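Residues per chain are reported as follows:
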Amino acid sequence: MMDASNTLLKRLCSHVTGINDERLAAHFRLAVDLLNEGPSGLPVKDHNVVADKIKRRLAREKRLEDAARFSGLMNKLLKSAVLRNKTSILSFFLALSQDSSSHSGLRISAHSSAAQIPFENGLCNGHGSEELFQMPKLHQNVDAGICTEDVLVSASPSCIVPGSKEDGSSHVSGSNRVSRLAAMYKGAANANPESPFAELQQHSPTVERLKFSQQSHKKTATKEALIEVTEKVLIREVLFIFQGIEGKIIKMDANKDGYRLDPKVRLSRSQKEIILKLSDVGWLYNQVQNYCEWGGVIAGNERSSDRTAAGLVNQSLVLALREELSEYCRLIALLEAQLTEEQNISLVCGKWACQTIEKIQEGGDTPMGEPSGGLTLRRLVMWTLEPRSRLRALALLTYAAREVYGGACVSGIYQHMHHGNPGHKAVVRHVLTLACTPLYVMLTQWLLDGTLEDPHHEFFIASDPTVPDDKLWQDKYSIRWCMLPTFINKSQAQKVLASGKSLNFLRNVCHFRAPIAGRDAIKASLQQTTVESLFTQDENSQLDHLVGLTFRETSRHVLEEILTRHKLMDHLRALRRYLLLGQGDFIHYLMEILNPELGKPATNLYPHNLSSLLETAIAASNAQYEEPDILKRLDVRLLEISPGDLGWDVFSLDYHVDGPIGTVFTAECMRQYLMLFNALWKDKRMEMILSDIWKEQAATSKLCRDLPELGVVLHGVQLLTTEMVHLVHQMEYYMTFEVLECSWHGLMSKLKTAQSLDDVIAAHNHFLNRIVAGALLDADSKHVRTHLRTFYNLIQNLRGLQERLSVAVSAEVNARRNALSEVKARTEAGEFGTSSDQQEAEKKRRKEFLSKIVPKLKSDLRINTQTYQDMVQSFLLMLTQHDDQSLHLLSTRLDFNEYYHRRDHRLNQRLTYHHKRKSMGTSFCQ
C-alpha cells in the first residue's frame, strides 16, 4: 500500500515539474518531508477551519468569483471517497499560497494537521492524487476537476495565526521547507519553459505566490459567456432566499413579486426547476415576514406606521407568526449546519425541525444517487416539504387577516380550520389560539365583572360612555355585529351581552354593591374553559356552559331586584288602573269634577287647579288606598295647545318613572301610555255625553206629550242616540275585554316565565303594541281611527241638536202654558179668556214654530242620521276587511240585526284578497 502511494506521489511530482530523470528524486523527498512534517501549535480536527481561512483570504482580496468556485470544488472534495486526509490536503494548498516575500517568510497555520497524519496513511491513495494537484489550465488531464484556478488563491492576512510576525510571536516551523518547495517549483519553471509552472509564473506577480492575476480572470470570463457555479453555491443562495435575503444568482423581481435567476449563470433545466420550487419557500416567508413587520396594520393601500393601531388581536397574531418564524429560523440554522457538516444538530429542536432531523439522521441515497450525509438541492426539496406547507398555511392566514382586526380578524382565520389537512389545521389551531387570547380575556372580564377594556374596539360588545345610567340597558351596550366571531352564534352573543349588562345594571342603576349569589359557580366554570374552547364548541361545550350559567345567574339576580325591591308589578297595575282607566270609580268621579274646568278654553287652564281636583278624586275613591309611592307618581299633564282647543283636548294624566323601573317604562313606552289614555279618555267622554243626552231626552219626552208636532223629531233623536250608545258600548266592550284584558293576561303569563330583564321588557313592549293596535292607533288602522273621530263629531252634533230641541220644547211648552194660565186667570176674573188679538198672536206664534223651528230640527236630525248611517256602513266595511279577527267580531256585534248588511251587499259575501282590494278602492272613492 505504501509503495503504491509513493509511486503516485512520484508521478504527481513528475507531472508538475516536467522532470523524469534523477533530479526528480530530490523533489520527491522534499514533497514527502513537507507533507510529513508537523507544524507547531494545536492540531486542526475539522477541515472546515482551513476552508474558512481560504474563503476569508479570497474575500479579503475581493476575489468573490474564486470564492464561489472554491466552494464548488470544496463540495466535490468532500464527496470524494478516495481522499481521506482532506484537512492535510487543504493545509498543503494553503501553505503553497503563502507569499514569503510579502510576509517575511512563509508561515503555516497553527491549526494545520497535515504533518501529524503520516503519509503512509493514504494521503494520496489512488487516482485522485493526480486530480488533486492538477495545476491551472491543465483541464485536459483532469477527470473530475476538483482543484482549479479558483482554488489556488493566496491566504488573506486574517488567516495568519498566533506565532507569526504580525502578532509578535515566533515563526512556525516548517516554513523553510515550504520556501524550498516554492523554489523547487521556480527552478522547474526555469528549466522547462513549456511546463505548467512556467505558464503559472507568467500569470503570477511573484513565483512564491501561486495566484492568477485579475487579467487572467477577465480573459476567462470573456471566453466563457456563462458562469459555471457549483451546487453548494446554489444551496447557499437558496438558504439566503429562505431567509428573505436576495442573493447574487437568485434575485428579487419586484415587478412580478417573485424571484428570478441571473441569466449569466449556466444552470441545467432540472436545477432551475428545483430552485424555482425552493424559492417558493422564500416567497412565503417574505409574505409572512412582511405582515409581521407592519404589525398587521394595512389601511387601504397604505401601511400604517403605528403597529399598535390594529389592536391586541392583530398584535397577538403577529406574535404567533413570529413564534412560527422563529422555529423556521432554527430550521434554517440546522440546514446551514448540515451544509457545513456540523453534525451537532441535537441542539436544534422544534416542531419545524423535528421531521428534518429525522430525515437527516436516516441518511440514505437520494433517487439521483447522491451520497448520504450531505446537503443537496434534491434533498433540500424533500426536507422543506413540511416547512413549505406550514409557511403556506401562515401566508394564507396573513391574507385572511389583512385590512381587518379584532373579531373580524379571528373570523377570517377560523375559516381555515375547516381544512382536510391535519398539519394545516394544527397550524391554524395554534395561531388562532394565540390570536383569540385578547378576546378571551375581554370575554372573561365581561362575564365575571361586567368590565369592558377594549381600547381598539375589537370586542363584539360595544359601549357608549356618553349614555346616562337611566338609559344603560337600552342604549349604552350593544353588539358590534361586524366584530362577532363566526364561531360564536347570535344566541350566545345575546346572552353574553345580557350577562355583562346585568352586572352593570345592578352596580350603576340599582346601586347593588354586594357580589351576586352565583359568582363562585361562574368562577369555577370559568377555570374549566380555555382559549381553544372559543372555537372548538363542536368538540366540547365548555363555552356554552359558561355563557349559559353566567346568563342565568345574573338574569335571576336582576329579576329579583327589579320585581321585589323596586315593585315592578305594582307599577304595572297602577298604570293599568289610572292611565288605562281601569279604576272606574276614580275615573268617573274625576271626569265629573273636571267637567266645568275642561269645558273652558285650554289657555284658561292652570295645572295647580287640576292637581287639586286630582287629589280630590283620589280622596273620594278607592285610589286612596294605593301605596304612597304610587300616588306620589300620579300627576296631571297638559299636552301641547293648539288654537281652538278646549280643556278636554289637552288634559292627560301622567305617571312619573325613574330609577330601575325606568328601564322597563321607557320614554317611548310612556308616550304610548299617554296616547292610549287620550284615546280611552275620549271614548269615556263620549259615553258621558251620550248619558247626558239620554237624561235630557227623558225630560224632553215628558214635555213633548203636549207637543205632538215634535213627536217625530224626538223619536228620531232617541233612535239615533240609541244607535250611538250601542256603538260606544261595543267599542268600550271591545277595548276593555278583547284588548286590555286579553293583553293583560298574556303579559302576566309571560312575566311568570321570564328568565331575564330582556324578557320582561319584550313582554311589556308586546303588551303595549298589542293594545295600541287593538285601540286602532297604529299605522295600519289610520283610516278606521279617522272614522271613529267622525263618530265623535257626530255625537257632538247630536248633543247640539238635543240642546236645541230641549230649548225649543221648553220654550213652546212654557209659552202654551203661559197662554193657558192667562186664559184661566181672566176667566176666573169674570172676563173673556182671550181676545181676538191674543188669539191671532197665539196662532201666529204656533204657526212660526211649526214652519221654522220644527222643520229645522227635522232637517238637522235627518242630516245627522244619514251621515251617521253612512259612516257606520263604511266603518263596518273597514272592520270586515281588517286583518284582525277581533275587529271582524266587532263588526258583527255592531250590526247584530244585519240592518247594514241589507243596505250593502259587500258585507254579505266572504271577501277574498281580491275582493278586499276592490272593496277598499270603492269605499275610498266614495
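Basis of the calculations
Residues numbered from 1 in each chain as written. Predicted model: local features only at pLDDT ≥ 70, side-chain atom pairs only at ≥ 80, totals over all residues. Heavy atoms only, no water. Helix = DSSP H or I, 4+ residues; strand = E, 2+ residues; numbered from the N terminus. Buried < 20%, exposed > 50% of the residue type's maximum accessible area, 1.4 Å probe, protein only. Contact = heavy atoms within 4.5 Å. Areas by Shrake-Rupley, 256 points an atom, 1.4 Å probe, with all protein chains shown as cover. Salt bridge = Lys/Arg side-chain N within 4 Å of Asp/Glu carboxyl O. Bend = angle between axes of the 7 residues up to and from the residue. Core = buried A, V, L, I, M, F, W, Y, C linked by side-chain atoms within 4.5 Å. Phe/Tyr/Trp six-rings, centres within 6.5 Å; stacked < 30°, edge-to-face > 60°. Lys NZ or Arg CZ within 6 Å of the ring centre and 35° of its normal. Expected span 1.5 Å × (residues − 1). Axes fitted to C-alpha atoms, helices over the stretch in contact; angles between N-to-C directions. Parallel < 35°, antiparallel > 145°, perpendicular 65-115°, else oblique. Left-handed = near helix turned anticlockwise from the far one by under 90°.

Colleague: Got a minute to help me understand the overall build of the protein in this structure?
Modeller: On a plain count of helices and strands, the protein comes out with 36 helices and 10 strands. Counting all 926 residues of the protein, 49% fall into the buried class. Relative to all contacts within the protein whose residues are 6 or more apart in sequence, the contacts with residues 24 or more apart total 71%. Per element, the accessible surface of the protein, about 45,400 Å² overall, is 52% carbon and sulfur.

Colleague: For this particular structure, what's the right way to read the pattern of salt bridges?
Modeller: Pairs can form between side chains of opposite charge whenever their charged atoms are close. Counted by the stated rule, this structure contains 26 salt bridges. Residue Asp454 is joined to Arg480 by a salt bridge in which the shortest nitrogen-to-oxygen separation is 3.7 Å. With Asp454 in the loop between α18 (437-449) and β7 (461-463) and Arg480 in the loop between β8 (477-479) and α20 (490-509), the pair connects residues that are 26 residues apart, well separated along the chain. Arg480 matches Asp454 in its accessibility class, with the two residues each being buried. For Glu560, the salt bridge goes to Arg556, with nearest N and O atoms at 3.2 Å. Remark: Arg556 and Glu560 occur in helix α22 (residues 542-565); sequence separation between them is 4 residues, near one turn of the helix. Owing to a relative accessible area of 39%, Glu560 belongs among the partly exposed residues under this scheme. The class of Arg556 is partly exposed, set by a relative accessible area of 35%. Members of the salt-bridge network, linked through shared partners, are Glu709, Glu812, Arg816 and Arg845.

Colleague: Honestly, helix α24 (residues 584-598) in this entry has me stumped. Any pointers?
Modeller: The α-helix winds at 3.6 residues per turn, so residues separated by three or four positions along the chain end up facing the same way. Considering bend angle alone, the principal kink of α24 is centred on Glu592 and spans about 30°; proline Pro596 follows within four residues of it. Residues Phe586, Ile587, Leu590, Met591, Ile593, Leu594 and Leu598 constitute the buried set of α24. Residues of α24 that are buried make contact with α23 (568-579), α25 (607-619), β9 (634-638), α27 (647-650), β10 (651-655) and α29 (667-703).

Colleague: Can you help me understand the nonpolar core in this one?
Modeller: Generally speaking, nonpolar side chains in soluble globular proteins are found buried as a group. Counting 203 residues, the largest nonpolar core has Phe242, Phe460, Phe586, Tyr673, Trp681 and Leu710 as the members making the most contacts within it. Not counting residues within four places of it along the chain, the set of residues in contact with Tyr673 comprises Leu572, Leu575, Leu579, Leu580, Phe665, His764, Phe767 and Leu768.

Colleague: Could you clarify how one ought to interpret the packing of aromatic side chains in this entry?
Modeller: Both the distance between ring centres and the angle between the ring planes are used here to describe each pair of aromatic rings. Taken as a whole, this structure holds 14 aromatic pairs when the rule is applied. Among the aromatic side chains, those forming a connected cluster through ring pairs are Trp648, Phe651, Phe677 and Trp681. A cation over a ring is seen here: Arg402 above Tyr399, with NZ or CZ 4.7 Å from the ring centre. The ring of Trp473 carries the charged tip of Lys501 above its face, separated from the ring centre by 4.6 Å.

Colleague: Is there a simple way to explain helix α4 (residues 64-79) in this structure?
Modeller: Look at α4: 23 Å from first C-alpha to last across 16 residues, which is about the 22 Å you get at 1.5 Å a residue. All of the buried residues in α4 are Asp66, Ala67, Phe70, Ser71, Gly72, Leu73, Met74, Asn75, Leu77 and Leu78.

Colleague: Sorry if this is basic, but what is going on with the environment of Met686 here?
Modeller: Along the chain, Met686 turns up in helix α29. If sequence neighbours within four positions are ignored, Met686 has contacts with Tyr792, Ile795 and Gln796.

Colleague: Explain the packing of α29 against helix α32 (residues 782-828) to me, please; I cannot follow it from the model alone.
Modeller: Each pair of packed helices gets described by two things: the angle between the helix axes and the distance between those axes. Contact geometry for α29 and α32: axes closest at 10 Å, N-to-C directions at 20°. By the angle class used here, α29 and α32 are roughly parallel. Along this stretch, α29 crosses α32, giving a crossing that reads as left-handed.

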